[in-house]
Amino acid sequence: MKPKYKRVLLKLSGESLAGNEKHGIDFDTVLKFCEPVKKLVDMGVEVAIVVGGGNFWRGRSSGQMDRTRADHMGMLATVINALGVADALEQFDLQVRVQTAISMQQVAEPYIRNRAVRHLEKGRVVVFGCGTGNPFFSTDTAAALRAAEIEADIILKATMVDGVYDSDPKKNPDAKKFKTLTFQEVLNQNLGVMDSTAAAICKDNNIPIIVFSLDNPQNIVSAVCGEDIGTLVE
Ligand code: UDP
């Protein structure tokens, strides 16, 4: 298999890192997702990762809390995941750097775009924590923003469903899966690929996204090799 893309940004939701536990980190699951990343790096692909935090905390579900403070908590949750993913990647002998959008220099590097690009060029995997560093945003938006900044060729959005459907496939057995979509269609039809801020950044900067399932973690490699899996939005 030959890679179709040189530099990719992988978005891992917090939920996916919890495995069957639904909450917290299931490290065996994290290791399973990191094994294909090792394959990609060995193939010469540059890999950056944005992690979510929903397995610990989501600002918008915090109820009566002040939203900004709740979002700060959510961003800290992404750092726990970033460190877990970094550790798993290192267990595959990968060189890894964690960069956070909110400085915590005893724990990770601060986010510096040029430095992140330099790490990628040297074959290091860069894991981005703290999302965009701002409340009221999501880690999907962070994925779009970082992909634009580092000039990634594609965003790999690994999810719990195997693509984008016209309705919820868990509720509707007749739901139809899209092979390809445009960002305009995603925005107009309000399809649940990612939030509208993230979709708009991708649309304005011509960053394609492939949405696929992590049921088989090797899909990460298949997606980068241009195999026909999931849904391609461009
Ligand atoms: N968050 C934020 N700003 C960002 C990214 C994330 O405030 O730029 C907070 C927000 O509270 C969010 C939480 O971090 O609910 C976890 O991120 P997200 O919900 O995107 O994680 P995922 O659903 O991908 O696990």
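Everything discussed here concerns the structure shown above.
This one's a predicted model, so the numbers in the text were calculated from it and none came from an experiment. (Residues numbered from 1 in each chain as written. Predicted model: local features only at pLDDT ≥ 70, side-chain atom pairs only at ≥ 80, totals over all residues. Heavy atoms only, no water.)

A. Seen up close, the overall build of the protein. Across its full length, the protein holds 8 helices and 9 strands. Here the C-alpha atoms of the protein give a radius of gyration of 17 Å, agreeing with the 17 Å that 2.2 N^0.38 yields for 234 residues. Dimensions along the principal axes, computed over C-alpha positions, put the protein at roughly 50 × 50 × 35 Å. Counting every position in the protein, which comprises 234 residues, the buried fraction comes to 53%. (Helix = DSSP H or I, 4+ residues; strand = E, 2+ residues; numbered from the N terminus. Rg over C-alpha atoms; globule rule 2.2 N^0.38 Å. Buried < 20%, exposed > 50% of the residue type's maximum accessible area, 1.4 Å probe, protein only.)

B. How the structure looks around the pattern of salt bridges. All chains considered together, the criterion is met by 12 salt bridges. When the shortest N-O distance is used, the salt bridge between Arg 118 and Glu 121 registers 3.3 Å. Taken together, the residues Arg 118 and Glu 121, both in helix 4 (residues 113-121) and 3 residues apart, mark about one turn of the helix. (Salt bridge = Lys/Arg side-chain N within 4 Å of Asp/Glu carboxyl O.)

C. Seen up close, the site of the ligand. Around the ligand there are 20 residues in total, and Gly 14, Asp 71, Thr 132, Asn 134 and Thr 139 lie nearest to it. The separation between an oxygen atom of the ligand and a polar main-chain atom of Gly 59 is 2.8 Å. Contact distances for the ligand include 3.5 Å between an oxygen atom and a backbone N or O atom of Met 75. Here the ligand has 520 Å² of accessible area as a free molecule, and 95% of this is covered by the chains. The biggest single contributor to the shell around the ligand is helix 3 (residues 67-90), with 3 residues. (Near = heavy atom within 4 Å. Polar contact = N/O pair within 3.5 Å; in protein donor to acceptor, adjacent residues only side chain to side chain. Areas by Shrake-Rupley, 256 points an atom, 1.4 Å probe, with all protein chains shown as cover.)

D. A look at the packing of aromatic side chains. Applying the stated criterion across every chain yields a total of 1 aromatic pair. Ring geometry for Tyr 111 against Phe 128: centres 5.5 Å apart, planes inclined by 80°, an arrangement best described as edge-to-face. Here Tyr 111 is found in the loop between strand 4 (109-110) and helix 4, whereas its partner Phe 128 is found in strand 5 (residues 125-129), with 17 residues between them in sequence. By relative accessible area, which is 18% here, Tyr 111 ends up buried. Just above the ring of Tyr 111 sits the side chain of Arg 146; from NZ or CZ to the centre is 3.6 Å. (Phe/Tyr/Trp six-rings, centres within 6.5 Å; stacked < 30°, edge-to-face > 60°. Lys NZ or Arg CZ within 6 Å of the ring centre and 35° of its normal.)

E. Representation of the state of the cysteines. Throughout the structure, instances matching the rule amount to 0 disulfides. Cysteine Cys 130 remains unbridged, with the sulfur of Cys 34 as its closest cysteine sulfur at 19 Å. (Disulfide = S-S within 2.5 Å.)

F. View of the pairing of strand 8 (residues 209-213). With 5 of its 5 residues buried, strand 8 lies for the most part within the structure. Side-chain alternation along strand 8 places Ile 209, Val 211 and Ser 213 on one buried face and Ile 210 and Phe 212 on a second face that is also buried. The sheet contact formed by strand 8 and strand 9 (residues 231-233) spans 3 bridges and is antiparallel. Bridge pairing in strand 9 links Ile 210 to Leu 232. (Pairing = 2+ DSSP bridges.)

G. Expanded view of the nonpolar core. Of all hydrophobic cores here, the largest spans 40 residues; its most connected members are Val 37, Ile 49, Val 85, Leu 89, Val 127 and Leu 156. When residues in this core are grouped by element, the largest group, 7 residues, is from helix 2 (residues 27-42). Sequence-distant contacts of Leu 156, defined by excluding residues within four places in its chain, comprise Val 8, Leu 9, Leu 10, Lys 11, Ile 210, Phe 212, Ile 220, Ala 223 and Val 224. Val 117, Ala 142, Ala 143 and Val 186 belong to the second largest nonpolar core, which has 32 residues in total. (Core = buried A, V, L, I, M, F, W, Y, C linked by side-chain atoms within 4.5 Å. Contact = heavy atoms within 4.5 Å.)

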